[in-house]
Amino acid sequence: MMRIPPYYKKTGWQRFFSGIIIGILIGWFFFIYEFGAVQEKLVTEIKKQESTINAQKETIEILRSDQDELNKENLKKLTIQEVKVYFINDKDLKLSELSVHEFRLQIENELKAVKNKNIELVANTKELLIQAIENRDFIINEKRYRVTIKGWSIYTTLELFVEIRLAE
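Let us look at the structure shown here. Being a predicted model, the structure only gives us computed values, none of them experimental. (Residues numbered from 1 in each chain as written. Predicted model: local features only at pLDDT ≥ 70, side-chain atom pairs only at ≥ 80, totals over all residues. Heavy atoms only, no water.)

1. Things to note about the sheet that holds strand β2 (residues 138-140)
Hydrogen bonds between backbone groups are what pair the strands of a sheet, and the pairing can be parallel or antiparallel.
Thinking step 1. Ordered by their spatial adjacency, four strands build an open sheet running β1-β4-β3-β2, and the pairing between neighbours is mixed. Either end of the sheet is taken by a strand with one partner, and the two such strands are β1 (82-87) and β2. The sheet shows a mean angle of 40 degrees between the axes of neighbouring strands, direction not considered.
Thinking step 2. Looking at chain direction, strand β3 (residues 143-154) and strand β4 (residues 157-166) are connected through nine bridges and run antiparallel. Note on β4: the bridge partner recorded for Gly151 is Phe161.
Thinking step 3. Across the sheet, helix α2 (residues 97-110) lies against β1, β2, β3 and β4, angled at about 140 degrees from β1, the strand it touches most.
Thinking step 4. Together, β2, β3 and β4 form the strand contacts of helix α4 (residues 126-134), whose direction differs from that of β3 by roughly 160 degrees. (Pairing = 2+ DSSP bridges. Helix = DSSP H or I, 4+ residues; strand = E, 2+ residues; numbered from the N terminus. Axes fitted to C-alpha atoms, helices over the stretch in contact; angles between N-to-C directions. Contact = heavy atoms within 4.5 Å.)

In structure tokens, the structure reads:
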């Protein structure tokens, strides 16, 4: 039969085993303390990051809603920035470039009141604008001309497609 040596009677061995057990306990408590401190720092850092992320998400949401509102308002408030006139039959009448330029300037001058006006307002007064241009005589090189508006498009630029004819 095998016998376990009686270490409990020898004080050297007792001090050795008790030192090991006390060292293990001290090491374990130190590990738990350090692990807890590290975990507490990490949890604090994670909470700070979560609050920062939530604040950023709220800011993004506010900015998005503000941007959407601004876009809706801007669509309502779009204005005419420029007026362009295109002549359909200037080559048929054999008008010089200077005459075409003068013609364009006179029509654009007639429509200068439309600039910086709301697109919706201009679209609603389309007939009035067309009549104002078509009923006016334009004098170029001592000849009287009238125009007929054949087409138009409106956005931030008002584009008119005009046919020129001699006034009678």
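Now, onward.
2. Quick word on unusual backbone geometry
Thinking step 1. A positive phi angle, near 55 degrees, is found at Lys94, a position not held by glycine.
Thinking step 2. With respect to the helices, strands and loops of the structure, Lys94 is situated in the loop between β1 and α2.
Thinking step 3. Of note in this structure, Asn116 is not a glycine but carries a positive phi near 60 degrees.
Thinking step 4. Topologically, Asn116 is positioned in the loop between α2 and α3 (119-124).
Thinking step 5. Of the residues examined, Asn116 reaches a relative accessible area of 57% and is grouped as exposed. (Buried < 20%, exposed > 50% of the residue type's maximum accessible area, 1.4 Å probe, protein only.)

Honestly, it's all geometry; don't read function into it.
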